[in-house]
Amino acid sequence: MERKLAWDKYDEVALKDMHKLADGYKAFLDTGKTERECVAEAVRQAEAKGYTDLNKAIEAGKNIKAGDKVYAVCMNKAVALFNIGSKPLSEGMTILGAHVDSPRLDLKQNPLYEDNGFALLDTHYYGGVKKYQWVTLPLAIHGVISKKDGTNVNVVIGEDDNDPVFCITDLLIHLSAKQLEKKGAVVIEGEALDVLFASMPIVEDASESEEEKKEKIKDKVAAHAMKLLRDKYDVEEEDFLSAELEIVPAGKARDCGIDRSMVMAYGHDDRVCAYTSLVAMLEVDKVEKTTCTLLVDKEEIGSVGATGMQSRFFENTVAELIDRVEGYNELTYRRCLANSKMLSSDVSAAYDPNFPEAFEKKNAAFFGKGMVFNKYTGARGKSGSNDANSEYFAEIRRILDDNDVTFQTAELGKVDFGGGGTIAYIMALYGMNVIDAGVAVLNMHAPWEIISKADLYETTKGYIAFLKEA
Ligand code: MN
Ligand code: MN
């Protein structure tokens with residue numbers, strides 16, 4: 001059974017439309033390199049389309065009715081958007097859910113140290129990474145420093161053309177005989193992922209006492225780096241204790257390939273599904289069933305924490321929404337969740353011609369063959385997977401075919417080669433139908449990942465069709 005290439009059906013108009021969508025996506029990626037930045041951008045775009053803060057409606061005791069559009073933000077790292085339909089909420093919602101956290105290196109709470117004329121920042125990697133991929137690349141620092149006075153300082157260094165960048169060094173090939181005998185997982189070890197931060201010592205201040213000078217002599221380079229941070233951001237070294245600073249690849253999303261058919265960028269997993277879900281959500285206007293888009297955090301480390309999918313944030317928000325629309329009732333709430341239908345919007349592995357041995361070609365996702373559905377994920381015999389119902393996928397197939405959306409089905413590589421998970425199984429706990437659906441990615445979890453613009457386009461159309469018709 002062969003699946004069709006989306007490219008074969010495109011005319012000039014469709015191609016133009018596809019590239020336009022890709023341009024919007026690249027801009028979204030450049031603005032959102034952390035979960036916080038993605039949530040802020042999603043809220044900005046939603047407000048421009050008439051969405052208002054659900055909490056403000058709650059505070060004002062204002063009712064919400066069909067046609068209203070609201071959002072709720074959780075700790076600046078997750079957001080839920082709702083477009084209220086004409087049908088009662090007990091009939092369920094159509095939900096798109098993606099995650100906006102991506103693999104990266106987080107600064108430790110006490111990151112700064114000096115070693116022989118270098119100031120370095122110690123990191124702890126976040127999510128599944130091949131550590132050796134993160135060395136000798138230009139890196140940027142994104143995040144927040146939360147100060148004791150209650151203010152948050154936003155930090156972005158390394159993205160502007162005039163900004164400096166940072167780097168994790170690797171051993172020169174000339175001296176790597178022993179390193180190259182090691183297994184891939186330990187060629188670069190976690191504790192060796194320290195970021196080169198500075199190398200110029202602070203200038204002695206003549207007005208200081210001998211005592212003060214002695215204090216500084218120890219770590220002059222680190223002291224200089226701290227002075228620069230203090231001057232720019234008004235922060236002290238102790239403020240690192242309450243900071244969330246993420247080391248990510250520096251630079252913008254770019255077209256890839258001589259034909260510009262692909263996009264190379266940091267964070268396709270899972271911002272490609274977050275963006276396409278957001279676009280679909282903001283485009284579909286008058287609805288019968290309430291539509292919802294969830295952009296959540298912490299998927300890459302198991303959907304844990306208050307801002308991950310396992311948190312009660314989503315349940316609480318739905319309960320509040322029901323309260324505003326028709327008055328809270330537990331049975332309505334339970335029916336609303338159980339009768340909902342969801343696409344767990346997450347990426348899938350694309351067939352890689354450099355590594356054909358990792359894929360079973362009949363059940364692999366290919367670039368250009370459209371939106372990818374994973375009936376199940378998991379590892380070692382589907383363990384940990386949401387195995388979607390056949391009846392549900394039959395309904396989805398009908399919607400996609402009716403709307404001329406090119407799609408394919410896939411597994412994440414060959415049986416017993418590894419595996420992975422998404423947020424699908426968590427949403428399935430409510431007794432709702434859920435299936436994984438998204439975009440195929442090459443180099444998944446690498447600093448620079450690649451997707452096909454045709455798949456981006458088809459997935460957006462697929463999400464739109466789902467929100468309208470499921
Ligand atoms: Mn993902
Ligand atoms: Mn992932």
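Our structure is the block above this text.
Given the structure is predicted, the values throughout are model-derived calculations rather than measurements.

Positionally, T377 belongs in the loop between β16 (371-374) and α10 (390-402). A polar contact of 3.5 Å, which involves the side chain of T377, links it to the backbone oxygen of G420. In this view, T377 contacts K382, S385, G420, G421, T422 and D436; residues no more than four positions away in its chain are not counted.

A few words on the coordination of the manganese ion (ligand 2). For the manganese ion (ligand 2), the protein coordination sphere consists of D269 (OD), E300 (OE), E300 (OE) and H445 (NE2), at 2.0 to 2.6 Å. Mapped onto the sequence, the donors of the manganese ion (ligand 2) take the spacing D-x30-E-x144-H. The distance between the manganese ion (ligand 2) and the manganese ion (ligand 1) comes to 3.4 Å, and D269 binds to both of them. Taken together, the residues D269 in helix α7 (residues 268-283) and H445 in the loop between β19 (440-441) and β20 (449-452) connect sequence positions 176 residues apart.

Let us now look at the coordination of the manganese ion (ligand 1). Coordination of the manganese ion (ligand 1) by the protein involves H99 (NE2), D269 (OD), D346 (OD) and D346 (OD), with metal-donor separations of 2.2 to 2.6 Å. Each donor residue of the manganese ion (ligand 1) belongs to the same chain, with the gaps between them written as H-x169-D-x76-D.

Spanning 20 residues, helix α1 (residues 12-31) covers 29 Å between terminal C-alpha atoms, matching the ideal 28 Å at 1.5 Å per step. Those residues of α1 not exposed but buried are A14, M18, L21, A22, Y25, K26, F28 and L29. Buried residues of α1 fall within an arc of 155° about the axis and therefore sit on the same side. Residues of α1 that are exposed and point more than 90 degrees away from the buried face comprise E12, V13, K16 and K20.

So, how was this worked out
- Residues numbered from 1 in each chain as written.
- Chains lettered and ligands numbered in written order.
- Predicted model: local features only at pLDDT ≥ 70, side-chain atom pairs only at ≥ 80, totals over all residues.
- Heavy atoms only, no water.
- Helix = DSSP H or I, 4+ residues; strand = E, 2+ residues; numbered from the N terminus.
- Polar contact = N/O pair within 3.5 Å; in protein donor to acceptor, adjacent residues only side chain to side chain.
- Contact = heavy atoms within 4.5 Å.
- Donors = N, O, S within 2.8 Å, 3.2 Å for Na, K, Ca; no water.
- Expected span 1.5 Å × (residues − 1).
- Buried < 20%, exposed > 50% of the residue type's maximum accessible area, 1.4 Å probe, protein only.
- Arc of directions from axis to C-beta.

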